[in-house]
Amino acid sequence: MSNHLSDRIKNMSTSATLAMAAKARELRNEGKDIIGLSLGEPDFNIPDFIKEAAKQAIDDNFSSYTPVDGYAELKKAISLKFKRDNNLEYGPNQIVVSTGAKQSLFNVALVVLNPGDEVILPAPYWVSYSDIVKLAEGVPVEVTTGIETDFKMTPAQLEAAITPKTRMIWFSSPCNPSGSVYSKAELEGLAEVLRKHPDIYVVSDEIYEHINFAGGHVSIAGIDGMYDRTITVNGVSKAFAMTGWRIGYIGAPEWIAKGCTKLQGQVTSGANAIAQRAVITALEAPVSKIQYMIDEFHKRRDLVLELLGEIDGFNLNVPEGAFYVFPDISAFFGKTLNGTTINNASDFALYLLEHANVATVTGEAFGNPNCIRISYAASEKELKEAIARIKAVV
Ligand code: PMP
Ligand code: GLU
């Protein structure tokens, strides 16, 4: 039979982060000693107190369908978390729990966008934003930022990108892939532009909120005039090392939350029951319980910056959050290394995989063709070895 894949799927790119992780796994299975720095996934175990809550939930028979938008107790814990950490008031009707923040983002795109609506993506942006927007028949509009502005969009750039078709802007702070953190003043600058355009909605992806070494996470929803048009996205994958548990959530204007609930009522029926129960415990705990992981990421960031800084051709910003560095490696373009000509960031990432056995991700997947992303969610030993190998082949 011939292949009748829909145009929708044919036109969609494969997630570059997941593809690189799969490739690294495949090479490892073939016996190669690959160090995987491609996937944004904490290498810590889930804290024991959260595991205990999940075990208890199994024993307590939390095995039925949950409310589509999440257990009431979980939404209450999320509401308190928003108040405690972000000084944001989101009531239960404004909160929707989903199967990972990735699904939260997907829901929002389908609920808010009509075909042809433009979505401003300050680049570099997280790998899935542009394909999620395209699946919802929106049009991603990339705003290029570089290392000179710490990969942050300026108010003037935002203003220049707005057209009568602009419907949303999506960004993450701390940012995946650049690690950049928008300060309050910088967010106020963007808000000042947005206040002139009341029909533009903001997706503020705050999943790395706690992994912030500069201190002081700021939510754009808390800035004047932004609350009614911001969808605050968060989840437990990063701060609680719960990637496989697949729980994310939004705080949003009620009509958006209602739309997301309607949508997931036809798609997933709601997120996993046991994971939801465990997340109640995770979110009720003080942030001090996960501080050890944040401190460790901070130490590793300093180590990676120091070691990569010793390699000629790696131009680095100082990421203040998340667990990535995003070096500009365009100095290698046009050069031939060990018989391989490097024309772009994808060539460079492939070269590192083949010659240094180190998996990274090309910046092209994040809308920046001059950089590669290196995740430092790996042990100090692996990081030292990986960077020594990189140094040896470049
Ligand atoms: N947003 C950003 C910026 C991310 O890095 C990730 C990581 N996967 C997600 C959203 C999705 O997270 P989740 O595991 O909750 O789907
Ligand atoms: N967010 C992580 C990353 O950027 C996990 C992979 C993914 O969900 O794409 O690597």
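Residues numbered from 1 in each chain as written. Chains lettered and ligands numbered in written order. Predicted model: local features only at pLDDT ≥ 70, side-chain atom pairs only at ≥ 80, totals over all residues. Heavy atoms only, no water.

Going by an unreviewed UniProt entry, the chain carries the name Aminotransferase and comes from Flagellimonas alvinocaridis. Under the heading Sequence similarities (unreviewed entry), UniProt records this for the chain: "Belongs to the class-I pyridoxal-phosphate-dependent aminotransferase family." Within the UniProt record for the chain, the comment given under Cofactor (unreviewed entry) is "pyridoxal 5'-phosphate". (UniProt positions renumbered as here; feature names shortened; annotations may be inferred.)

What follows concerns the overall build of the chain. On a plain count of helices and strands, the chain comes out with 13 helices and 14 strands. The globule rule puts the C-alpha radius of gyration for 394 residues at 21 Å, and the 21 Å found for the chain is close to it. Taking the principal axes of its C-alpha atoms as reference, the chain extends roughly 60 × 55 × 55 Å. Among the 394 residues that make up the chain, the fraction classed as buried is 55%. Considering only intrachain contacts with a sequence separation of at least 6, the fraction spanning at least 24 residues in the chain is 74%. Counting every atom, the chain has about 16700 Å² of accessible surface; 50% of that belongs to carbon and sulfur. (Helix = DSSP H or I, 4+ residues; strand = E, 2+ residues; numbered from the N terminus. Rg over C-alpha atoms; globule rule 2.2 N^0.38 Å. Buried < 20%, exposed > 50% of the residue type's maximum accessible area, 1.4 Å probe, protein only. Contact = heavy atoms within 4.5 Å. Areas by Shrake-Rupley, 256 points an atom, 1.4 Å probe, with all protein chains shown as cover.)

Let us now look at the site of ligand 2. By nearness alone, every residue bordering ligand 2 is listed as Ser15, Thr17, Leu18, Leu39, Gly40, Lys102, Trp126, Asn176, Lys238, Tyr324 and Arg373. Within the contact set of ligand 2, a nitrogen atom lies 3.1 Å away from a side-chain nitrogen or oxygen of lysine 238. For ligand 2, the accessible surface in isolation is 280 Å², of which the surrounding protein chains cover 88%. Put simply, ligand 2 lies in the largest pocket. (Near = heavy atom within 4 Å. Polar contact = N/O pair within 3.5 Å; in protein donor to acceptor, adjacent residues only side chain to side chain. 1 Å grid on protein atoms, 1.4 Å probe; cavity = no way out; pocket = protein on both sides within 12 Å on 5 of 7 lines; lining within 4 Å. Sits in = over half its atoms within 2 Å of the grid points.)

Taken together, the 3 strands give an open sheet; going across it, the order is 9-14-13, and neighbouring strands pair in antiparallel fashion. The open sheet has two edge strands with one neighbour each: strand 9 (324–325) and strand 13 (361–362). For strand 13 and strand 14 (residues 372–375), the ladder comprises 2 bridges, and the chain directions are antiparallel. Note that in strand 14 the partner of threonine 362 across the bridge is isoleucine 372. (Pairing = 2+ DSSP bridges.)

With that settled, the discussion passes to the site of ligand 1. In the vicinity of ligand 1, the residues found are Gly100, Ala101, Lys102, Trp126, Asn176, Asp205, Ile207, Tyr208, Ser237, Lys238 and Arg246. Separating an oxygen atom of ligand 1 from a backbone N or O atom of alanine 101 is a distance of 2.7 Å. Within the side chain of lysine 238, an N or O atom sits 3.2 Å from a nitrogen atom of ligand 1. A total of 390 Å² of accessible area belongs to ligand 1 in isolation, and the protein chains cover 94% of it. Of all the cavities here, the one that holds ligand 1 is the largest pocket. For the shell around ligand 1, the per-class residue count stands at 4 nonpolar, 3 polar and 4 charged. (Nonpolar A, V, L, I, M, F, W, Y, C, P; charged D, E, K, R; others polar.)

Moving on to the packing of helix 11 (residues 291–309) against helix 13 (residues 380–393). It is the contact of helix 11 with helix 13, at a shortest axis distance of 10 Å, that shows an interaxial angle of 15°. The angle between the axes of helix 11 and helix 13 places the two elements in the roughly parallel class. Every pair of crossing elements has a handedness; the one defined by helix 11 and helix 13 is right-handed. Note on element contacts: helix 13 touches helix 11 through Glu380, Leu383, Lys384 and Ile387, opposite Glu296, Lys299, Arg300, Leu303, Val304, Leu307 and Leu308. (Axes fitted to C-alpha atoms, helices over the stretch in contact; angles between N-to-C directions. Parallel < 35°, antiparallel > 145°, perpendicular 65-115°, else oblique. Left-handed = near helix turned anticlockwise from the far one by under 90°.)

Moving on to the UniProt feature "domain: Aminotransferase class I/classII large" (unreviewed entry) in the chain. As recorded in UniProt, the sites labelled "domain: Aminotransferase class I/classII large" (unreviewed entry) are residues 32–390. With 37% helix and 15% strand, the stretch residues 32–390 has end C-alpha atoms that lie 16 Å from each other.

So, on to the layout of surface pockets. In this structure, the largest pocket encloses a volume near 450 Å³. Lining the largest pocket are 24 residues, and of these Gly40, Lys102, Trp126, Lys238 and Arg246 sit closest to its centre. For the lining of the largest pocket, the elements supplying multiple residues, two or more each, are helix 2 (16–29) and helix 5 (101–112). When the residues that make up the lining of the largest pocket are grouped by side-chain class, the tally is 9 nonpolar, 9 polar and 6 charged. By volume, the second largest pocket amounts to about 340 Å³. Along the walls of the second largest pocket sit 15 residues, with Met12, Ser13, Ser15, Ser128 and Asp131 positioned nearest its centre. (Points joined across faces, edges and corners; volume = space filled by probe spheres on them.)

To continue, consider empty space enclosed by the protein. Taken as a whole and judged by the stated rule, the model has 2 cavities of 30 Å³ or more. The space that makes up the largest cavity amounts to roughly 80 Å³. Lining the largest cavity are Pro122, Pro124, Tyr125, Trp126, Tyr129, Phe151, Trp170, Phe171, Ser172, Cys175 and Tyr182. Take the lining of the largest cavity: its biggest share by element is 3 residues, from strand 5 (residues 166–172). The residue inventory of the lining of the largest cavity, partitioned by class, reads 10 nonpolar, 1 polar and no charged. Approximately 70 Å³ is the volume found for the second largest cavity. Every residue lining the second largest cavity is counted, 13 residues in all, and those nearest its centre are Glu209, His210, Asn234, Gly235 and Phe240. Taken together, the elements giving at least two residues each to the lining of the second largest cavity come down to helix 4 (72–86) and strand 7 (230–235). For the lining of the second largest cavity, a count of residues per class yields 5 nonpolar, 3 polar and 5 charged.

Further remarks concern the sheet that holds strand 5. Sheet strands pair by backbone hydrogen bonding; their relative direction is either parallel or antiparallel. On the basis of which strands lie adjacent, the open sheet formed by 7 strands has the order 2-8-7-6-5-3-4 and mixed pairing. A single partner strand is all that each edge strand has here, and the edge strands are strand 2 (95–98) and strand 4 (139–144). Between one strand and the next, the sheet's axes are offset by a mean angle of 20°, whatever the strand orientation.

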